[in-house]
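Chains, contacts and geometry: an overview
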Amino acid sequence: MSDPQTGTADERVRTSVRRARDFILSQQKTRTPWKSSVLAPADPAIDRFSAGTWQGTFTLPPAPGPSQPYSPVIVTAPLFFPLVVGRAATFNGLVDAPFSSMDGWIGRRDGEEPAEAGRPAARSATQFGDGGANWGSYYVVGSVDGATQFIARVAANRHWKAEVSRVIAGSWTFQLVTYPAAALAARDAGRIPVGAPWRQSDRPGDVRRYWTVSYVESPPQFRDVVLDSSGPFVIRGRLNGFDAVAGRSYRIFVTSEADGEYAWALAVAAPGPFTISRAFPFGGRIKLRLVEMLEGCAVRVVGQVWAEENAAAGDGCFPDLRIEYRSLTTAISAVPDSIVPARRDMKWAVSLVPKGVGRVSLVDVNTKRICGEYTMPSGLIRSFIVPAADAGQRPLKDVYYDAFNDTCFLYDQAVALIALLQLGERAAARQLVDALLNVQNADGSFPFANQQATLSAHEAGIIRNGAQAWVCYALLIADQPQFRGWFAERPLAAALAGIDYALDYLNAKGLVDGGRGRIVDGVLEADYVVPWWSTEHNIDLWWALDLAHRLYGSGSVDYAGRAAALKAALLENGVGWDSATGLFWQGGIVSKGVNKPDGMRALDTHSWGAVLLEKWGLKAAAAASLARAGELYAVTDPATGLRGYTTFISRDGYPPDTIVSPWYEGSLGMVIALRNQQPHKANELLAALVLAQNPDGSYPYALRDDPVSEIHTFPCVIAPAWNVLAWSGEGTSYPRILWI
């Protein structure tokens with residue numbers, strides 16, 4: 001294969017299209033940040049519609065090696081260290097079990113505090129070790145060069161979170177601690193460290209590199225365990241010998257696992273036979289751990305955990321590893337649908353729950369840390385690959401956690417679907433259409449974005465009619481005769497329902513307003529109705545209406561009439577059109593029947609607008625729009641010499657400090673806009689743009705970050721999709737199916 005930065009211009013372009021296709025297909029596959037083990041299905045064709053048994057293989061985590069010291073603390077955000085000094089930071093993380101602030105019979109228990117009579121509350125007397133009477137609470141202390149920045153309580157589900165308004169210079173450390181009693185915790189005195197700290201000096205760079213775990217099967221700590229639930233509830237067994245540390249005491253810690261682990265008993269430990277009897281029921285699967293105590297607080301697990309379900313499976317399974325299976329629908333549940341002990345033959349088998357996206361994980365029973373994971377493809381295509389260094393401290397306080405890499409923006413899905421149809425990628429297109437039909441809400445709306453694995457979440461909090469129209473248009477293209485046979489379910493009904501939904505937002509000028517929902521200071525306002533309309537949104541909807549009419553005619557909905565009304569409004573002076581310049585406005589607000597244009601323009605109003613003007617027979621206006629874009633938006637990056645078109649410019653209403661840089665989604669769209677009138681120039685531009693393609697087939701969203709407009713450089717799927725579409729039409733390898 002040719003390198004896209006060498007060879008003739010035609011060779012570079014053809015190579016770029018192949019690489020763009022490969023990247024789109026790779027983003028349709030699932031990913032996992034848990035990489036100590038590899039889980040693989042025996043039959044990759046098994047999907048969410050399958051029933052019966054799902055089988056596969058797994059590998060064990062590596063044996064311990066000369067690496068950074070083990071710490072029970074896991075940092076999940078920010079994703080990169082060192083941090084940027086002076087900015088805010090939101091920290092999230094986990095700790096290894098069993099060191100969470102557990103609920104349970106000897107954990108945190110609800111009752112009435114004297115000062116809050118009649119109101120159930122977590123009794124403070126149950127939240128600390130108090131000499132071993134309770135399991136106690138655990139905290140993560142975040143510090144910089146020894147100066148405490150926060151103390152975050154670890155929740156019962158092992159999660160912790162903290163906010164720092166301004167990061168100071170220095171090296172971060174995160175230490176898991178506990179306190180012997182409430183009075184000491186209240187004044188942060190008498191901290192008892194648990195395990196080694198997580199040190200930035202040991203773990204620089206991408207924190208996900210340190211989520212890996214090692215595994216060595218240690219000798220059993222418990223044997224001959226018998227559970228008697230006839231009442232009282234009794235556990236009998238034998239504790240094997242262990243090396244005691246002077247000044248420490250030892251307990252058998254019993255937990256009951258249902259929707260999580262609950263602290264059930266702490267019993268004095270001594271080698272030999274033991275009996276633990278309590279009046280309260282087990283309530284779930286029993287786990288036994290030998291824990292080392294300091295000042296009445298558990299600080300270390302000694303030896304191997306005993307797990308009821310693993311012990312029952314016998315010698316053919318690992319005693320302390322298990323396979324967790326989840327059928328993902330509306331969310332990623334913390335509680336698995338099923339748990340099976342991990343087999344020594346390195347194979348797994350679980351019973352499927354149909355219609356959910358299947359996920360299997362290899363989990364350490366003692367720590368609950370995920371060793372490896374595999375998730376069925378859902379059909380949706382991940383939009384971005386966010387470099388760790390960009391995740392967590394962006395200037396506008398946008399925090400991109402690892403899970404942002406699984407976000408699928410619906411506009412991206414629509415453009416990618418059209419690209420897959422053009423390329424003849426039947427299987428990928430079929431999966432994507434099925435996913436789009438599944439994520440559609442009952443009212444016909446499509447979510448602005450959806451997580452890749454949770455197709456039944458029906459995210460309705462944020463709807464934007466531009467993305468809505470694009471999805472409808474792509475589904476209508478998929479329903480054309482040359483593609484219709486690819487799909488088990490025709491996409492027509494979903495497309496028309498989506499168009500009907502968008503038309504509910506028509507304003508008094510006959511244009512469709514933006515949609516609903518917004519996020520303010522991290523809080524979703526789902527009932528917010530967007531007051532503005534966008535030229536781009538209405539261009540998108542016009543194409544969908546026009547195609548619906550051409551394919552099916554106008555019946556109960558007058559698609560032709562609706563399209564004509566949109567056209568009239570977009571060309572009306574003072575509404576969509578500015579007759580003084582012969583250009584589209586970017587948008588506006590209609591209030592009490594009067595439109596106020598926003599006085600702004602962007603690249604897409606020039607390029608997408610030019611394609612539509614030409615479709616309407618206004619070739620001179622289209623040419624003028626393209627010429628102005630070439631004059632004002634075409635840029636060359638000084639550092640690299642790479643060319644393209646920028647998104648926004650200050651001359652067209654954007655702030656003076658707007659960063660001007662090649663924007664690849666829009667630049668590749670410009671190729672399509674140029675192709676009808678200036679095919680030679682279109683090919684020349686495409687050959688220049690593909691020089692910025694990454695080796696994996698992706699493009700940076702833009703070549704330079706623009707914090708003013710929240711434009712970033714993340715490798716994205718939308719630009720490769722436009723790369724494919726830009727190589728269609730006369731003189732290319734593919735017939736054009738977009739905007740015809």
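Criteria and thresholds
Once a new chain begins, its residue numbering starts again from 1 and follows that chain's sequence as written. In keeping with the predicted nature of the model, local features appear solely for residues at pLDDT of at least 70, side-chain atom pairs appear and are counted solely at 80 or more, and the whole-chain, interface and lining totals rest on all residues. Hydrogens are left out, water is left out, and the side-chain values use all remaining heavy atoms of the structure. Strands are runs of DSSP state E lasting at least two residues, helices are runs of H or I lasting at least four, and both sets are numbered from the N terminus onward. Accessibility here uses a 1.4 Å probe with only protein chains present; expressed as a share of the type maximum, an area under 20% marks a residue as buried, one over 50% as exposed, and anything in between as partly exposed. Whether two residues are in contact is decided by their heavy atoms, any of which lying within 4.5 Å being enough. Per-residue accessibility takes into account occlusion by the displayed protein chains alone, with areas from the Shrake-Rupley method and a 1.4 Å probe. Note on charges: Lys and Arg go in the positive column, Asp and Glu in the negative column, and His and the chain ends are not counted at all. All charge positions are set by atom: Lys at NZ, Arg at CZ, Asp at CG, Glu at CD. Each pair of strands is called paired provided DSSP finds at least two bridges between the two strands. Axes, fitted as lines to C-alpha atoms, cover a helix only where it is in contact. Angles between the N-to-C directions of the axes lie from 0 to 180 degrees. Here is the rule for handedness: rotate from the far helix to the near one, and if that takes an anticlockwise turn smaller than a right angle the crossing is left-handed, while a clockwise turn gives right-handed. By the convention adopted, Pro, Cys, Tyr, Trp, Phe, Met, Ile, Leu, Val and Ala count as nonpolar, Lys, Arg, Asp and Glu as charged, and the other residues, Gly among them, as polar. For this analysis, a salt bridge means a side-chain nitrogen from Lys or Arg found within 4 Å of a carboxyl oxygen belonging to Asp or Glu. Identification of polar contacts relies on pairs of N or O atoms within 3.5 Å, with a donor-acceptor requirement for protein atoms, meaning one able to donate a hydrogen and the other able to accept it, and with residues adjacent in sequence counted only if both atoms are side-chain atoms. Put simply, a nonpolar core is a bunch of buried Ala, Val, Leu, Ile, Met, Phe, Trp, Tyr and Cys residues held in one set by side-chain atoms that sit within 4.5 Å of each other. pLDDT is a residue-level measure of predictor confidence that goes from 0 to 100. To estimate how far a helix should reach, multiply one less than its number of residues by 1.5 Å.

**Concerning the overall build of the protein**
Along its length, the protein carries 15 helices and 40 strands. For the protein, the spread of C-alpha atoms along the principal axes amounts to about 95 × 60 × 55 Å. Here the protein holds 740 residues, and the buried ones make up 56% of them. Contacts spanning at least 24 positions in sequence make up 66% of the contacts within the protein whose residues lie at least 6 apart. If you sum the accessible surface of the protein, you get close to 29200 Å²; carbon and sulfur atoms cover 53% of it. Mean positive and mean negative side-chain charge positions of the protein (69 and 73 charges, respectively) differ by 2 Å.

**A look at the environment of V660**
Considering the arrangement of structural elements, one finds V660 in the loop between strand 38 (643-645) and helix 13 (664-675). It is 8.0 Å that separates the C-alpha atoms of V660 and D706, two residues lying 46 residues apart in sequence. Apart from the residues within four sequence positions on either side, V660 is in contact with V635, T646 and F648.

**Remarks on the sheet that holds strand 19 (residues 272-278)**
If you walk across this open sheet you meet the three strands as 15-16-19, and the pairing is antiparallel. A strand with exactly one partner marks an edge of an open sheet, and here the two such strands are strand 15 (222-228) and strand 19. The sheet shows a mean angle of 15° between the axes of neighbouring strands, taken without regard to direction. As paired strands, strand 15 and strand 16 (residues 233-239) are joined by five bridges and run antiparallel to one another. For F222, the partnering residue across the bridge sits in strand 16 and is L239.

**Brief notes about the packing of helix 4 (residues 410-423) against helix 15 (residues 718-726)**
Closest axis-to-axis distance for the helix 4/helix 15 pair is 9 Å, and the angle between their directions is 35°. As helix 4 packs across helix 15, the resulting crossing turns out to be left-handed. Across the interface between the two elements, Y411, D412, V415, A416, I418, A419, Q422 and L423 from helix 4 touch I718, A721, W722, V724 and L725 from helix 15. Residue classes in the contact of helix 4 with helix 15 are distributed as eleven nonpolar, one polar and one charged.

**Here's the deal with the sheet that holds strand 17 (residues 249-257)**
Pairing within the open sheet is antiparallel, and its four strands lie in the order 18-17-20-21. Each edge of the open sheet carries a strand with a single partner, namely strand 18 (261-268) and strand 21 (297-307). With strand direction ignored, the average angle separating the axes of adjacent strands in the sheet is 30°. Summarising the sheet, strand 17 and strand 20 (residues 285-294) pair through nine bridges and their orientation is antiparallel. In the sheet register, Y250 faces strand 20, and the bridge partner there is E292.

**Observations concerning the pattern of salt bridges**
Across all of its chains, the model carries 35 salt bridges by this definition. Here D224 and R223 are joined by a salt bridge, their closest N and O atoms 3.5 Å apart. Here R223 falls in the partly exposed class, since its relative accessible area comes to 39%. Within the structure, one salt-bridge network assembled from shared partners comprises E257, R285, K287, E309, R322, E324 and R326.

**A word on the side chain of R516**
In this structure, R516 sits in strand 30 (residues 515-520). Assessed through its relative accessible area of 17%, R516 is described here as buried. A polar side-chain atom of R516 sits 3.1 Å from the main-chain carbonyl oxygen of A460.

**Thoughts on the nonpolar core**
The tendency in soluble globular proteins is for nonpolar side chains to be buried side by side. Grouped together as the largest cluster of nonpolar side chains are 198 residues, with contacts concentrated most on W160, F174, W470 and W722. Ranked by size, the runner-up nonpolar core spans 22 residues in total, among them L239, I252, A267 and F282.

**A short note on the confidence of the model for the protein**
Confidence in the prediction for the protein averages 93 pLDDT; 96% of positions are at 70 or higher. Low pLDDT, under 50, characterises residues 112-121; the stretch is placed with 14 contacts to residues that sit more than four places away or in other chains.

**Considering unusual backbone geometry**
Here the bond from F81 into P82 is cis, since omega is 10°, no more than 30 degrees from zero. Tracing the chain through its elements places P82 in the loop between strand 4 (80-81) and strand 5 (89-95). Cis rather than trans, the peptide bond between A97 and P98 has omega equal to 5°. When you line up the elements, P98 lands in the loop between strand 5 and strand 6 (110-112).

**Remarks on helix 8 (residues 492-503)**
Note on helix geometry: an α-helix contains 3.6 residues per turn, so any two residues three or four positions apart are oriented the same way. Across its twelve residues, helix 8 extends 17 Å between first and last C-alpha, which sits within 8% of the 16 Å expected from 1.5 Å per residue. Within helix 8, nine of the twelve residues are buried, which leaves the element mostly enclosed by the surrounding structure. Residues L492, A494, A495, L496, G498, I499, Y501, A502 and L503 constitute the buried set of helix 8.

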